[in-house]
Amino acid sequence: MVFYSGAEMETEALGERLARSLPAGGVFIALYGELGAGKTAFVRGLARGLGTGGRVVSPTFTIVNEFPGDRELFHFDMYRLNSAEELFDIGWEDYLDREGVCAVEWSEHVPEAFDGSEIRVTIRKTSDTGREITIEGVELC
Ligand SMILES: Nc1ncnc2c1ncn2[C@@H]1O[C@H](COP(=O)(O)OP(=O)(O)O)[C@@H](O)[C@H]1O
Ligand SMILES: [Mg+2]
């Protein structure tokens, strides 16, 4: 499904809506899009929708930020990763069994992380404030 966002808060609202539409159990959300596309903004809305406290910022230097909540959120930024081996180094496999929501920025860098069951969110800049957001792998409520 393709959506249009005309402002950061609209992108956040779409993330919040996705949170309400997620299936039960462990969920992987692969985010795609260039720097400044709005991936972190989308995850901020997702966190809000999951009832997560805490401030969502790009976890670039930590690779992963963990948020407790009604449902745990693991927010990854794979920008600095460049191989499946590095994925192993960060303990990615441990997250596969944790039944939380894993939202992954820069999924382009780690295609090996996903098995095809992930939800894909692709954000494309159409102007300064315009974003085309494609969500695949789930129907939004
Ligand atoms: N429609 C929009 N959706 C999301 N962000 C937007 C939008 N329009 C402008 N922006 C700006 O783009 C930037 C997006 O930043 P961020 O969410 O950190 O992107 P990313 O994580 O993809 O690098 C912010 O400065 C935000 O204010
Ligand atoms: Mg980001």
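Residues numbered from 1 in each chain as written. Chains lettered and ligands numbered in written order. Predicted model: local features only at pLDDT ≥ 70, side-chain atom pairs only at ≥ 80, totals over all residues. Heavy atoms only, no water.

Peer 1: What is the right way to read the coordination of the magnesium ion (ligand 2) from this model?
Peer 2: Tetrahedral coordination by four donors sets the ideal angle at the metal to 109.5 degrees; octahedral coordination by six donors sets it to 90 or 180 degrees. With distances of 2.2 to 2.3 Å, the protein atoms coordinating the magnesium ion (ligand 2) are Thr40 (OG1), Ser58 (OG) and Glu105 (OE). For the magnesium ion (ligand 2), the donor residues sit on a single chain with the sequence spacing T-x17-S-x46-E. Remark: Ser58 occurs in the loop between helix H2 (39-49) and strand S3 (64-67) and Thr40 occurs in helix H2; sequence separation between them is 18 residues. We classify Thr40 as buried; its relative accessible area is 13%. The class of Ser58 is partly exposed, set by a relative accessible area of 37%. (Donors = N, O, S within 2.8 Å, 3.2 Å for Na, K, Ca; no water. Helix = DSSP H or I, 4+ residues; strand = E, 2+ residues; numbered from the N terminus. Buried < 20%, exposed > 50% of the residue type's maximum accessible area, 1.4 Å probe, protein only.)

Peer 1: Even after reading the chapter, I still don't get the packing of aromatic side chains, so can you show me in this structure?
Peer 2: Aromatic ring pairs: the centre-centre distance and the angle between the two ring planes describe each pair. Evaluation of the coordinates by the stated rule reveals six aromatic pairs. Between Phe76 and Tyr95, the ring centres sit 4.9 Å apart and the planes meet at 85 degrees, which makes this aromatic pair edge-to-face. You can see Phe76 sitting in strand S4 (residues 73-77) and its partner Tyr95 sitting in helix H4 (residues 92-96), a full 19 residues away along the chain. The class of Tyr95 is buried, set by a relative accessible area of 9%. Through a chain of ring-to-ring contacts, three or more aromatic side chains come together here, namely Phe28, Phe74, Phe76, Trp92, Tyr95 and Phe114. Of note, Lys39 hangs over the ring of Trp106, and the distance from its end group to the ring centre comes to 4.5 Å. (Phe/Tyr/Trp six-rings, centres within 6.5 Å; stacked < 30°, edge-to-face > 60°. Lys NZ or Arg CZ within 6 Å of the ring centre and 35° of its normal.)

Peer 1: Explain the environment of Arg20 here, please?
Peer 2: Assignment of secondary structure puts Arg20 in helix H1 (residues 8-21). The class of Arg20 is exposed, set by a relative accessible area of 55%.

Peer 1: Got a minute to help me understand the layout of surface pockets in this structure?
Peer 2: Any empty space left between atoms is shown by rolling a water-sized probe over those atoms. The volume enclosed by the largest pocket comes to roughly 300 Å³. Listed by contribution, the elements that provide at least two residues to the lining of the largest pocket are H1 and H2. No other element matches H2, which puts three residues into the lining of the largest pocket. Grouping the amino acids of the lining of the largest pocket by side-chain chemistry returns six nonpolar, eight polar and six charged. (1 Å grid on protein atoms, 1.4 Å probe; cavity = no way out; pocket = protein on both sides within 12 Å on 5 of 7 lines; lining within 4 Å. Points joined across faces, edges and corners; volume = space filled by probe spheres on them. Nonpolar A, V, L, I, M, F, W, Y, C, P; charged D, E, K, R; others polar.)

Peer 1: Explanation requested: the pattern of salt bridges in the structure shown.
Peer 2: Close approach of charged atoms allows side chains with opposite charge to pair. All told, the structure shown has nine salt bridges when counted by the stated rule. Close ionic contact of Glu66 with Arg98 constitutes a salt bridge, the shortest N to O distance being 3.6 Å. Of the two residues, Glu66 is situated in strand S3 and Arg98 in the loop between H4 and strand S5 (101-105); the sequence distance between them amounts to 32 residues. In this structure Arg98 comes out as partly exposed when scored by relative accessible area, which is 34%. One salt bridge in this structure joins Glu118 and Arg120, with 3.9 Å as the shortest N-O distance. By sharing partners, the salt bridges in this structure join Glu8, Glu12, Glu16, Arg44 and Arg48 into a single network. (Salt bridge = Lys/Arg side-chain N within 4 Å of Asp/Glu carboxyl O.)

Read these as geometric descriptors, not functional statements.
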